[in-house]
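Next come the chains, spelled out residue by residue.
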Number of protein chains: 2
Amino acid sequence: MARAIIAGSGVLPGLLLQAGSAHVVRLSGVESDPLDAPDIPARFEQFGALFADLRAAGVEELAFAGALSRPAFDPSLMDAETMALMPRVAGAMAQGDDTLLRTIAAIFEEQGFRVVGALDLRPDLVAAEGPISGGASDAQLRDAARARSVLDALGPLDVGQGAVAAKGQVIGIETLQGTDAMLRFVGMSLPGSGGVLVKRPKPGQDLRMDTPVIGPATVMKAAEAGLTGIEIAAGSVLILDRDAVETACEASGIALWAAP
Amino acid sequence: MARAIIAGSGVLPGLLLQAGSAHVVRLSGVESDPLDAPDIPARFEQFGALFADLRAAGVEELAFAGALSRPAFDPSLMDAETMALMPRVAGAMAQGDDTLLRTIAAIFEEQGFRVVGALDLRPDLVAAEGPISGGASDAQLRDAARARSVLDALGPLDVGQGAVAAKGQVIGIETLQGTDAMLRFVGMSLPGSGGVLVKRPKPGQDLRMDTPVIGPATVMKAAEAGLTGIEIAAGSVLILDRDAVETACEASGIALWAAP
């Protein structure tokens, strides 16, 4: 069975490649690391060509991995399949990231490809419920519960994979700009807050298409922002390099744990 | 009937003073503008003394106005009434701003004072539903609806008097740090977004104690953050200087309107 990884930026495509035989789809204009696997070059404007190339390579299973930037789209390069899909994709875009990603997954599934996710291919990279590094204080657990209540309320609106609370107050809510931007905001506007970052998927989010991840950089940025703890969702947030994450937690005094 | 304005920073205390005969309570450590009214000096540590001073001045009605910073609190200065109130105030603080403000209002009411708000004293300063400056486009109204849906979802959690959406995406959600901090975040992380700021009270918020306000500075900060529109709640957001607000809107190309 041949599998293709649709490669965005970061280390995730390489981690998924380790799960077994795979081609790497590289989209024009999307940065991705060099990987030891046969390339299938592709363009956002030419879905028809990509479907044909995947079939020619015997690909039956697809995984999307890493951040896909949205490069310039040149309408003059569109093939017929892409043109036919445009109204559907544009409609989905207007309804938020979740809807867009579900639509893209559905489009590939209708073409006969099985779409799997990082959690399917690397279940070894998620954390079970419990402490990962250090121990959480009662105050940290209360702040985590407060941040989680915000994410629960926003989930149905397709907003928010992360939130920060400190001393019972909500001091950061992730928006389109992402977790790193939220952490910079918290660090600049309330330095030394001692808060807790909660990172978990939105309820109903298609985890195959958009897997929340943390890595050593997340820990360092949380520490730089003056936080003291990170709570991730057990079973559904990928830890990119667990050894390095634990080292970063110890070096920066961040407590890290997984909650149901 | 004597009234006292408990004065925080900004122009609001002066605007409420114009509604009629009033004393001004100045809390030690809280900055407030000079005002043409008899002062009643007070301290956060000495609520008992404040109750007595208000009664001695014949005060029957109280209005809180402007931002009250939280100055250093010196436990050694506490009078007996303040000590007795501490468990209640500390418990309320842990539950968020709304609960704290409701508790403070209740404490003064139990002492026999009537607590009124800016909307009671200056109903002339709120906007009726409709355009205030310029006209909102359909895209701006859609972004406003998206931002409003976030505020509606967060309201029960006592989070969020403001949110920003652009092109259908949520790009800013107000947290403890306030509207200005959120606007700086939006401007730095997504310059030129063309988004819309929605500012409205939280559902169930005690408007007497915490009246959402906008002024010319709000308009200029929204424009600097790359926004193109502001929607406020009709009847419950105070416009601090309507002429100056309209001038700022015209100068910066910001559309401003009030929605139900």
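In the block above lies the structure referred to throughout.
Each chain carries its own residue numbering, running from 1 in the direction its sequence is written. Think of it this way: whatever chain is written first is A, whatever ligand is written first is 1, and the rest follow in order. At least 70 in pLDDT is required for a residue's local features to be given in this predicted model, at least 80 for side-chain atom pairs to be given and counted, and no such filter applies to totals for whole chains, interfaces and linings, which use all residues. For side-chain calculations, the full set of non-hydrogen atoms in the structure is used, while hydrogens and water are omitted.

Chemist: Is there a simple way to explain the sheet that holds strand β8 (residues 169–173) of chain A in this structure?
Modeler: Whenever strands of a sheet pair, they do so through backbone hydrogen bonds, lying parallel or antiparallel. Residues and elements named next belong to chain A. Taken in spatial order, the six strands make up an open sheet running β6-β13-β11-β9-β7-β8, and their pairing is mixed. Here the strands that pair on one side only, and so sit at the sheet edges, are β6 (130–133) and β8. Strand-to-strand twist in this sheet, taken as the mean axis angle between neighbours without regard to direction, amounts to 25 degrees. Two elements, strand β7 (residues 162–166) and strand β9 (residues 196–199), share four bridges in a ladder whose sense is antiparallel. Within the sheet, the bridge partner assigned to G162 lies in β9 and is K199. Whether two strands pair depends on DSSP finding at least two bridges between them. A helix here means a DSSP run of H or I that spans at least four residues, while a strand means a run of E at least two residues long, and both kinds are numbered starting from the N terminus. Every angle, taken between N-to-C directions, lies between 0 and 180 degrees, and every axis is a line fitted to C-alpha atoms, over only the stretch in contact when it is a helix.

Chemist: How should the sheet that holds strand β1 (residues 2–7) of chain A be read in this particular structure?
Modeler: Residues and elements named next belong to chain A. If you trace the five strands from one edge of the open sheet to the other, you get β3-β2-β1-β4-β5, paired in parallel fashion. The open sheet has two free edges, formed respectively by β3 (39–42) and β5 (114–116), since each of these has just one partner strand. Strand after strand, the sheet turns through a mean of 30 degrees between neighbouring axes, direction not considered. With five bridges joining them, β1 and strand β2 (residues 22–27) adopt parallel strand pairing. Along β2, the bridge assignment pairs A4 with H23. Only heavy atoms enter the contact rule, under which two residues are in contact if any of them lie within 4.5 Å. Those strands touched by helix α2 (residues 47–56) are β1, β2, β3 and β4 (59–65), and its axis lies near 165 degrees from that of β3.

Chemist: Sorry if this is basic, but what is going on with empty space enclosed by the protein here?
Modeler: In this approach, a probe sized like a water molecule rolls over the atoms, and the result shows the empty space that is left. Buried and open spaces are told apart on a 1 Å grid over the protein atoms alone, a cavity being a set of points where a 1.4 Å probe fits but cannot get out and a pocket being an open set with protein on both sides within 12 Å along at least five of seven lines. Residues with an atom within 4 Å of a point are the lining residues. Grid points are joined across faces, edges and corners, and a volume is the space filled by probe spheres set on the points. What the rule picks out here adds up to one cavity of 30 Å³ or more. As for the largest cavity, its lining consists of G172, I173, M182 and F185 of chain A together with I173, M182 and F185 of chain B. At the level of elements, β8 and α7 (179–189) of chain A together with α7 (179–189) of chain B are the ones that each hand at least two residues to the lining of the largest cavity. Side-chain classes are defined by residue name, with Ala, Val, Leu, Ile, Met, Phe, Trp, Tyr, Cys and Pro counting as nonpolar, Asp, Glu, Lys and Arg as charged, and the others, Gly among them, as polar. Its residues assigned to classes, the lining of the largest cavity shows six nonpolar, one polar and no charged.

Chemist: Got a minute to help me understand the relation of the copies chain B and chain A in this structure?
Modeler: Between the two copies of the chain lies a relationship made up of a rotation around an axis and a movement along it. Least-squares superposition of the copies uses the C-alpha atoms of those residues scoring a pLDDT of at least 70 in each of them. You can overlay chain B on chain A at an RMSD of 0.1 Å; the transform is a turn of 179 degrees with a shift of 0.0 Å along its axis. When the rotation and shift are considered jointly, the pair of chain copies conforms to a two-fold rotation axis. Most of the interface of chain B is mirrored in chain A: 89% of its interface residues are interface residues there too.

Chemist: Looking at this structure, I do not really get the environment of D120 of chain A. What am I missing?
Modeler: All names here are of chain A. Residue position: D120 is located in helix α5 (residues 118–121). It is 16 Å that separates the C-alpha atoms of D120 and A233, two residues lying 113 residues apart in sequence. Under the rule applied, a polar contact is a pair of N or O atoms within 3.5 Å (in protein, one hydrogen donor and one hydrogen acceptor; residues adjacent in sequence only if both atoms are side-chain atoms). Only 2.7 Å separates the side chain of D120 from the backbone nitrogen of G117, close enough to count as a polar contact.

Chemist: Where do I start with α7 of chain A in this structure?
Modeler: Given 3.6 residues per helical turn, the α-helix brings residues three or four places apart onto the same face. Within α7 of chain A the residues assigned to the buried category are T179, A181, M182, L183, F185, V186 and G187 of chain A. Where α7 of chain A is buried, its residues contact β7, β8, β9 and α8 (216–224) of chain A together with α7 of chain B. Partly exposed describes any residue whose relative accessible area lies between the buried limit of under 20% and the exposed limit of over 50%, with all areas from a 1.4 Å probe on protein chains only and scaled to the type maximum.

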